[in-house]
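# Working through the structure, step by step
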Amino acid sequence: MSMLTVSAPLFPTALESDLSGARKMGPRSVTKMSGDGCTRLATRAAGFSLLEVLAAFVILALVGTALFRLFSGALGNATLADEYSRATLYAESRLAAVSVETKLKEGTVQGNSDDGHYAWTAAISPYMPPGSTPDLDGAATAMAVRLWKLAVTVTWPGTPGNERSVALSTVRIAVKD
């Protein structure tokens, strides 16, 4: 005949002893009296239930999905920033080259990059300062130099159906012909 005694105090005290001198392990400790009259301490194995494990996996999956979306969005933004940086550098290069390679006269020049990824258009036009008056325009025509506005637009393919572009402009001075 075996007798089973379960001890589950509300607030267990530190290291209580039972009749046999065995220590209680807390609210999950069980003292078992075997058929030969010896008492043994049997502790129930502590662990997580299946429901707790499934809930933890669901939370982990939701957090993991959100993190993957965040990182993939950041990677896409880094790629887009790199494209715009390269296009801006190319536009600066074309802006400098147009003022050196061609004589400044009103018109449009266009071309493609060496790798064919970027298309560029440079527009050269006389510069008229904002708020200029007829007297100022007359004085500008009498001068030996002229101000030119150079505008470069670089375009490249973006997402399907969309084209990306960067536009830069500057003002240069050149001797009149």
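Numbers given for residues are sequential positions, taken from 1 along each chain in its written order. Local features in a predicted model are, by the rule used here, given only for residues with pLDDT of at least 70; side-chain atom pairs are given and counted only at 80 or more, and totals for whole chains, interfaces and linings are based on all residues. Hydrogens are left out, water is left out, and the side-chain values use all remaining heavy atoms of the structure.

### Things to note about the confidence of the model for the chain
With 75% of its residues at a pLDDT of 70 or more, the chain has an overall mean of 80. Confidence of the predictor at the level of single residues is captured by pLDDT, which takes values from 0 to 100. When checking whether two residues touch, look at their non-hydrogen atoms; a contact exists if any pair is within 4.5 Å. Ignoring residues within four places in sequence, the model shows residues 14–19, a span with pLDDT below 50, making 7 contacts including any to other chains.

### Section: the nonpolar core
Think of a nonpolar core as a cluster: buried Ala, Val, Leu, Ile, Met, Phe, Trp, Tyr and Cys residues, connected wherever their side-chain atoms sit within 4.5 Å. When a residue's accessible area, from a 1.4 Å probe over protein chains only, is under 20% of the maximum for its type it is buried; when over 50% it is exposed; and in between it is partly exposed. Grouped together as the largest cluster of nonpolar side chains are 17 residues, with contacts concentrated most on Leu150 and Val154. Working definition: helices are DSSP H or I runs of at least four residues, strands are E runs of at least two. Numbering for both runs from the N terminus. When contributions to this core are tallied by element, the ones reaching two or more residues are helix 1 (50–101), strand 5 (119–126), strand 6 (145–157) and strand 7 (163–175). If we skip the residues at most four places from it in the chain, leucine 150 touches Leu95, Val98, Ser99, Leu104, Ala123, Ile124, Leu168, Ser169, Thr170 and Arg172.

### Some points on the sheet that holds strand 6
Overall, antiparallel pairing links the 4 strands, which are arranged 4-5-6-7 in an open sheet. The open sheet is flanked by strand 4 (107–112) and strand 7, the only strands paired with a single partner. The average undirected angle you get between the axes of adjacent strands in this sheet is 15°. Strand pairing follows a simple DSSP-based rule, namely that at least 2 bridges must link the two strands. With 13 bridges connecting them, strand 6 and strand 7 associate as antiparallel partners. The partner of tryptophan 156 across the bridge, within strand 7, is arginine 164. The sheet contacts of helix 1 involve strand 4, strand 5, strand 6 and strand 7, and relative to strand 7 the element is tilted by about 25°. Interaxial angle, 0 to 180 degrees, is taken between N-to-C directions of lines fitted to C-alpha atoms, where a helix line uses only the stretch in contact.

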